[in-house]
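# Residue-level structural notes
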Amino acid sequence: MNLYVFSDSHRKTPAMLALISPPPDAVIHCGDGCEDLYNVESDIPVYAVRGNCDSSRRPEELFLTFCGLRIAVTHGHLFGVKSSLTPLALHYKDRADLVLFGHTHTPFDGVVEGVRLFNPGAACREPLSWGELVIEQDGVALLTHREG
C-alpha cells in the first residue's frame, strides 16, 4: 500500500496536486489546509484532520489501520510540538505504531519515547515537502521524506 502524507498546504492545492503522480492508494493530510484535497475530483481516498488554521469540521485526530499498522494522525498544535515532541509521543504511546503530524513546517522522522513520529514538512513552501509511506502486508512501514 502506498500513501502520500501532506501537511500545512495552506491552499497551495495546484502545487500539491502536481506531486500526486502516480496516484497513491490514499492521501493523508495532517491539517492547515485539510480541505485542499477534498475540493478536487478524484477517486483517491483522502484522510484529513483539521489544524489550528482550519475552520473545517474535520476531526482533530484520526486513527487509521492499514495492513495491521496503527496510524494516528493529528496536526500537533494541541501538543505543543514546536517546543517538544514528548507530549505528542506520550499521548499516542500504546495507541499507535506511527504518528503523523504537522504544524512545525519542518520535516521530522524519528522515535520519541518509543513512538515513531513523522512530520512531512510544509506543502506550502518551495520546495514543497511531503512524505511517502509504503506499508507492506506485514505492517512494516517505509517512510520517505520528499521535496520537489
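Residues numbered from 1 in each chain as written. Predicted model: local features only at pLDDT ≥ 70, side-chain atom pairs only at ≥ 80, totals over all residues. Heavy atoms only, no water.

Turning our attention to the sheet that holds strand β6 (residues 98-100). Sheet architecture is open: five strands sit in the order β4-β5-β6-β8-β7, paired in mixed fashion. Across the chains shown, the open sheet's two edge strands, defined by having one partner strand only, are β4 (61-66) and β7 (108-112). Taken pair by pair, the neighbouring strands of this sheet meet at an average axis angle of 20°, ignoring direction. Sheet topology places β7 next to strand β8 (residues 115-119); five bridges connect them, and they run antiparallel. In the sheet register, Val-111 faces β8, and the bridge partner there is Arg-116. (Pairing = 2+ DSSP bridges. Helix = DSSP H or I, 4+ residues; strand = E, 2+ residues; numbered from the N terminus. Axes fitted to C-alpha atoms, helices over the stretch in contact; angles between N-to-C directions.)

Below, the discussion takes up the packing of aromatic side chains. Inspection of every chain in the model, using the stated rule, returns three aromatic pairs. Connected via pairs of aromatic rings, a cluster forms that spans Phe-63, Phe-79 and Tyr-92. (Phe/Tyr/Trp six-rings, centres within 6.5 Å; stacked < 30°, edge-to-face > 60°.)

The next point concerns the environment of Arg-58. Tracing the backbone shows Arg-58 in the loop between β3 (46-48) and β4. Residue Arg-58 is classed as partly exposed on the basis of its relative accessible area, which comes to 24%. The spacing of Arg-58 and Ala-89 is 31 residues in sequence and 22 Å in space, taken between C-alpha atoms. Those residues in contact with Arg-58, other than ones at most four positions away along the chain, are Cys-34, Glu-35, Tyr-38, Ala-48, Val-49 and Arg-50. Looking at Arg-58, its side chain comes within polar contact range of the side chain of Glu-35, at 2.9 Å. (Buried < 20%, exposed > 50% of the residue type's maximum accessible area, 1.4 Å probe, protein only. Contact = heavy atoms within 4.5 Å. Polar contact = N/O pair within 3.5 Å; in protein donor to acceptor, adjacent residues only side chain to side chain.)

Chain-level statistics for the protein give a pLDDT mean of 91 and a share of 98% at 70 or above. By mean pLDDT, the top-scoring element of the protein is helix α2 (residues 86-92) (98), and the lowest-scoring one is helix α1 (residues 13-18) (79). (pLDDT = per-residue confidence, 0-100.)

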